Amino acid sequence: MARRVSIVFLAALLGWFAGVLSQSPTTTTDTRADTVFTLPPNADVGLPVIPNIQDPLAIDPQSVCTGYKASKVRNVSNGITADLSLIGEGCNLYGNDVKDLTLVVEYQAADRLHVEIMPKYIGKENSSWFILPGELIPKPGVDDKDCTSKSDLAFSWSNRPSFSFNVTRKSTGDVLFTTMGAHLVYEDQFIEFGSSLPENYNLYGLGEVIHGLRLGNNLTRTLFNADVGDIIDANIYGHHPIYYDTRYFKVGGKSEKLTYAPKATDKSAKYKSYTHGVFNRNVHNQEVLLKESNITWRALGGTIDLYFYEGPTQDKVTKSYQRSAIGLPPMQQLWTFGFHQCRWGYKNWKELQSVVDSFKKFEIPLETIWTDIDYMNQYRNFENDHVQFPYGEGARFISKIHDNNQHYIPIVDSAIYIPNPDNASDGYPTYDRGAKENSFMLNPDGSTYIGAVWPGYTVYPDWLGALFNSTGTNKWWSSEISTYHEKIKFDGIWIDMSEVSSFCVGSCGSKNTILNPVHPSFKLPGEPGNKIFDYPEGFNITNATEAASASAAASSQSAAASPAATSSISALYHRTTPTPGARNINWPPYTINNFAGDLGVHAVSPNATHHGGTQEYDFHNVFGHQILNATYHALLDLFPTKRPFIIGRSQLFGSSKWAGHWGGDNYSLWSYMFFSIPQALSYSLFGFPMFGVDTCGFAGNADMELCSRWMQLSAFFPFYRNHNAAGGISQEPYVWSEVIKASKIAMKIRYALLPYMYTTFYLSHSTGSTTMRALAWDFPDEPWLANADRQFLLGDAVLVTPCLEQGATTVKGLFPGVGSGTVWYDWYNLSAITGVTAGQNVTIDAPLGHIPVFVKGGNVVPLQQPRMTIADTRKSSWSLLAALDGKGKAGGGLYLDDGESLVPNATTWVDFSATETSLKAVPSGNFTDMNMLANVTIIGLPERVHGVQFDGVEVKSGWTMDGDSKVLTITGLAAYTVDGAWNKERNLSWRFE
Ligand SMILES: *[C@@H]1O[C@H](CO)[C@@H](O)[C@H](O)[C@H]1NC(C)=O
Ligand SMILES: *[C@@H]1O[C@H](CO)[C@@H](O)[C@H](O)[C@H]1NC(C)=O
C-alpha cells in the first residue's frame, strides 16, 4: 500500500533532495469535502541534516579516537573475559566515550563464536538502554559446554597499538574478521568497529535494501526502518544486521593447496569456497560502510554483540543463524501458496466480486482476494466503510468465496485514529478501548504522542509498554482483531505502515485534534494534480495502441503535473555535539544516511516514549517486529489450532517466526522485476522463506509485456501476489489476453509443483534450509556464480531463468554444476541440456509467454494436477517426475499434513529413491491421503525400456517410451493405487531388453 508514492518516485528519478519534497506546491483542491483539513506541507519537514558519510566537514573517528587497552584477561568456561579501558581522555566525537567496557568471548556451539563488548557499569556510568533485553529479542547462549576444542574458529587479540581482535578459521588459517588497524570507538550514541576484508570480497545480506544480491565494495548500508517506496540503495522497511562472506580459493598442486582467488579467470581450474556469517544483535539505527578493503560498522547505541557462524557453507550458516538467534519460520497453510490478487483502489464489495468473477471467466486460478485501505471507514482500523464495504454484504461476499475455497485478506495499518474530542459523532471505540489499556505511546512529558497517517491524527500502539510495564496493548490488539472477525471473516492479516510511519514531524496533533480528519500533506495517486503516467521502459514498442492513448492523456495532464521548483539546498545543516551526561535523542551527533533525512521525518520521533520510560530512539526498529508478534498471537487467540498467515512490511531479524514479508512499494518497471530476485534471495538469508513482491509493480502503470513476464516470474516465489497502486491502470492478469495466456502457463507449473513447494517450505520451517536459492549456494565451488542473481533455484530441483529484459526473446543463463557432472532437463520437453561447459553463459529461447524452467538431475519431484484452487489441486491425483543424474540416481521427499493445523495430529513423509531400473516410495507417518498415483515420468534413462512392473505386477499397458529423449511415461497406475498412492511402500521397476 502506498504512501506518497508518486512523489517519492519522482524524487528518485530527479534526484531531488528529500527535504525539498514536501515543499512541492499543494493547492487546496481535494476530492473530498472542502472541510477536510490538509496538513500543511511543512508538517513533514524536519531540520536540514547532512549524512555524516556525505559531510565534507565530518571528522573520521579514526583520526581522533585512541581506542582501548585490554586487561584482567581471564579464562572462563567456554572462553575469556577481559576489561577494556579507554586510552587517554578519549575523543567524545559523536557521543560520550564509555571509559570502561567488558569483553566476553564465548564458544557457544561447535560452529558459533560469540564476541560481545558492552559497558562495564550498566546503570551507573550509563543507563540501561545499552542492553537489548533478552525477553524482547532472544540472545543466543551456550548450547554446548564442550565445544571450544571442536570449533574451527580461533579468537586472538592484541593491545598494540590499541585493543583489537581476530577471528580465524583454523583449518585454512584464513583471518575472517580482524579489527586490527582501527581503534574501537564506544560512545553512548556512537559505536565504531570493523574489519579488513580481502580483495574483491563477496558479502551478502545487510538488509533491507533494493540492490543486487552481492553487495559490492562501494556501498553504505543504512539500517533505519522507513516508509520509503523501494528506493534503490536507500534504507527501507527491514532491519537485518547480518552478512554472509563467501571466499573462493583455487585448489592447486598435489597437496591441494588453497590460494585465495578474488577473480575466477580460469574456468577449468578447481575451486573451493568457504562461507561464514557475522551477525550483530543490535536493533539500533546503524550503518555499515563497505569500502574497497574493509567493512565498518557504526551503530547509534546498543552493544557490539557479534555471532560468528563458521559455516563453511551458506546452508550451514543460514540454518545455524535461525536455530540459534532468530527462530525457524512458521509453517504456512497450504492455501497461502495459491495466487493472491490485490489493489489499492478496489472501490467496494461489488468490484471485488467482479474481480473474482473475471478470474473465473478467464479460467485463471485465484486463491485470495485482498483489500487495501479502501475498505476502511475513513482509514480506521477494524471499521468498514458503511456505504462501500458494509458488513452484511461483506459477510455474504466472503461466505461465497469461502464456499469456493477462496480467501479474503484485509490490510491493517499500524497507527490508530484519535477522534476529535469535541465531536461526539466522531467516536472511535477502538481508540477508546486502547486508551483504557494505556496502549499508546507517549511524549516525554507523559501526554499522548499524536502523529498523522491516513485517517488523520493518530496514536501509536506501545508494544514495549506491555513488556516493561503492565499496559494492555497486546490484549487490546487481540481483542480488536477478534471483534472485527465477528463481522468480517478474514483469513489472514496484512500489516502495513509499521516502520512506524507518520506523515508529520513530532507529536503534530497534540494541540489540534479538533482539526480532524486531516488529509496528508502530499497528493494521493489519482488526485487532481497528481496524475503521473509512468509506463515501463519500452512501453511504446510493444504496446503501441495503448501508448498512443496514454500519451494523449498524459499531455492533457502535463500542466497540472509540472515539477516543483528546485530550491537551492541550504548550506546550513543542523549538527549537534555530545552533551556530557546526556544523549541527544532527536538529533544524534552522528547523522546516518536516512533517506528522509531528519529521523523525525515521516516517522514517529525518536523521543516518543513508552510506558516505563524507554524511548523510540532505542527501539525504533522493533515496532514492526512487535506488531507482527502481537498480530501472530492475536490470530492464535482467534484460531488456536490454525497457522496464522501474516504478511508484514516492517520487520526485524526474528520477525520471520511470525510473518512473511512482501517487497514493499515497488514500481512497474523492468528494473524492479529484476530486483525482486535479489530481494527474495536476501530474505532467504534472513530466514524469511514466505516472500514475494507486488507482481506487475505497485506504483506506475504496468503494460502487457512487463506484466506477462512478471506474472510468470513470481509464480516461482512462495508468496505470489499481484498488487497495484491507486491511480494506475488495472493490471489483473486478465486485463491483457497475452498475460492471461502467460499466467495460465506459469500457474499450471506452480500448482503442479504445489507438493514440491510445500515440501521445500516445510524443510525451511523444520530445518532452516532455504526455499528460494541463489545458484552460488547450491554450487559453492563455482566462483563465477558469486554475482548470479538473475536466475534462482526453487528448492533443490528447479532452476528458473526468467527473461528480465524488455523486447528480448532470449535470455542468457548459466547451468551450474555441468562442469562436475550435474545434468539439467528442460521442464517443458524433458530433454537433457547438452554441450554446455562450466560457467558458460548460454542463450536460451524465451519468447513472450515462455519462462525457461529446468529440473536438476538427481531429483524425484512430487506433483499434483493443477486446478483452479489449492483445495482442488490438493484433491487431485499424484504424479512423480524422476530426473536421473549422471550416475543414474535420483531422490526426493514429500511432506503431507492437513495443510492448516498449527500442530498437525498426523503427518507423513514419503521418501523417494530412483535408480536406472527402479523407483521406490517409502512412506512413514500416519497422515491419510486418498489420492491415487496417476503418472510417473522417468527422464535420463540410458536406453529403451521394454517392460514395467509396479509392486511386482507387470504393467501391460499404460506406459510409453520415447526412445529419442529416453523418457519413460507410465500412466496406468491409478488402478493399483485406488486406496491412496502413499498408504504403503511402492516399487516401480523397468527393464531394458
Ligand atoms: C590478526 O590478523 C592480522 C592479519 O590480518 C595479523 O597481522 C595480526 O597479527 C593478527 N593479530 C592477532 C592478535 O592475531
Ligand atoms: C562509489 O559509488 C559512488 C556513488 O554511487 C560513485 O560516485 C563512485 O564513483 C564509486 N566509487 C568507486 C571507486 O567505484
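Counting restarts for each chain, with residues numbered from 1 along the sequence as it is written. All chains are assigned letters beginning at A, and all ligands numbers beginning at 1, according to the order in which they are written. Predicted model: local features are reported for residues with pLDDT of at least 70 only, side-chain atom pairs are reported and counted for 80 or more only, and whole-chain, interface and lining totals are derived from all residues. Water and hydrogen atoms were dropped before computing side-chain values, which therefore reflect all heavy atoms in the structure.

Draft legend 1. View of the overall build of the protein chain. Elements are defined by DSSP. Helices are runs of H or I of four residues or more, strands are runs of E of two residues or more, and each kind is numbered from the N terminus. Scanning the protein chain from terminus to terminus reveals 18 helices and 52 strands. We compute the radius of gyration from the C-alpha atoms alone; for a globule the expected value is 2.2 Å times N to the 0.38, where N is the number of residues. Computed over its C-alpha atoms, the radius of gyration of the protein chain comes to 29 Å, within 12% of the 30 Å expected for a compact globule of 993 residues. In terms of its C-alpha atoms, the protein chain occupies a principal-axis envelope of roughly 90 × 75 × 55 Å. Each of the 993 residues in the protein chain was classed as buried or not, and the buried ones make up 62%. Whether two residues are in contact is decided by their heavy atoms: any pair within 4.5 Å suffices. Of the contacts formed within the protein chain by residues at least 6 apart in sequence, a portion of 73% connects residues at least 24 apart. Carbon and sulfur atoms make up 53% of the accessible area of the protein chain, which totals about 34,700 Å². Between the mean site of the 76 positive side-chain charges and the mean site of the 95 negative ones, the protein chain shows a separation of 4 Å. Think of it in three bands: residues with accessible area under 20% of the maximum for their type are buried, residues over 50% are exposed, and the middle band is partly exposed, with areas taken using a 1.4 Å probe on protein chains only. For the accessible areas, the method is Shrake-Rupley and the probe is 1.4 Å, while residue cover comes only from the protein chains on display. This count recognises Lys and Arg as positive and Asp and Glu as negative, with His and chain-terminal groups excluded. Working definition for charges: the position is that of NZ of Lys, CZ of Arg, CG of Asp or CD of Glu.

Draft legend 2. Local environment of the site of ligand 1. Residues are classed as near a molecule or strand on a simple rule: at least one heavy atom within 4 Å of it. Close contacts around ligand 1 come from S156, W157, S158, N166, V175, T178 and M180, and that covers them all. Polar contact criterion, stated in full: a pair of N or O atoms within 3.5 Å, where within protein one must be able to donate a hydrogen and the other to accept it, and residues adjacent in sequence count only if both atoms are side-chain atoms. Contact distances for ligand 1 include 2.8 Å between an oxygen atom and a side-chain N or O atom of S156. Interatomic distance of 2.3 Å between a side-chain N/O atom of N166 and an oxygen atom of ligand 1. Compared with its free state, where it exposes 370 Å², ligand 1 has 53% of that area covered by protein. Put simply, the parts of the chain that give the shell around ligand 1 at least two residues each are strand 6 (153-158) and strand 8 (174-178). The element best represented in the shell around ligand 1 is strand 6, accounting for 3 residues. Classes in brief: Ala, Val, Leu, Ile, Met, Phe, Trp, Tyr, Cys and Pro nonpolar; Asp, Glu, Lys and Arg charged; the others, Gly included, polar. Per-class residue counts for the shell around ligand 1 are 3 nonpolar, 4 polar and no charged.

Draft legend 3. Region of the structure containing the nonpolar core. Nonpolar cores were defined as sets of buried Ala, Val, Leu, Ile, Met, Phe, Trp, Tyr and Cys residues, with membership established by side-chain atoms within 4.5 Å. Core analysis: the biggest nonpolar cluster contains 247 residues, and Y408, W477, F716, L919, L968, W982 and W990 have the highest contact counts within it. Here this core gets 10 residues from one element, more than from any other, and that element is helix 13 (residues 670-685). Not counting chain neighbours up to four residues away, the residues in contact with F716 comprise I749, R750, L753, M757, M772, F792, L794, V800, I851 and V853. One finds V98, M118, L203 and W297 within the second-largest nonpolar core, a separate group that totals 45 residues.

Draft legend 4. Structural view of the packing of aromatic side chains. Here the aromatic set is Phe, Tyr and Trp, taking the six-membered ring for Trp, and pairing holds for ring centres within 6.5 Å; pairs whose planes are under 30 degrees apart are stacked, those over 60 apart are edge-to-face, and all others are tilted. Under the definition given, this model contains 65 aromatic pairs. Here Y417 and Y428 contribute two aromatic rings whose centre-to-centre distance is 6.0 Å and whose plane-to-plane angle is 55°, an arrangement assigned as tilted. With Y417 in strand 24 (residues 416-417) and Y428 in the loop between strand 24 and helix 6 (429-436), the pair connects residues that are 11 residues apart, well separated along the chain. Y428 carries the same exposure label as Y417, and that label is buried. Through a chain of ring-to-ring contacts, the aromatic side chains of Y375, F382, Y431, F440, W463, W476, W477, Y484, F490 and F623 assemble into a single cluster. A ring is considered to have a charge above it if a Lys NZ or an Arg CZ atom is located within 6 Å of its centre and within 35 degrees of its normal. Lying across the ring of F639, K642 places its NZ or CZ 5.6 Å from the centre. The residue whose ring lies beneath R721 is W662, and the NZ or CZ to ring-centre distance is 5.4 Å.

Function cannot be read off these values alone, since they describe shape.
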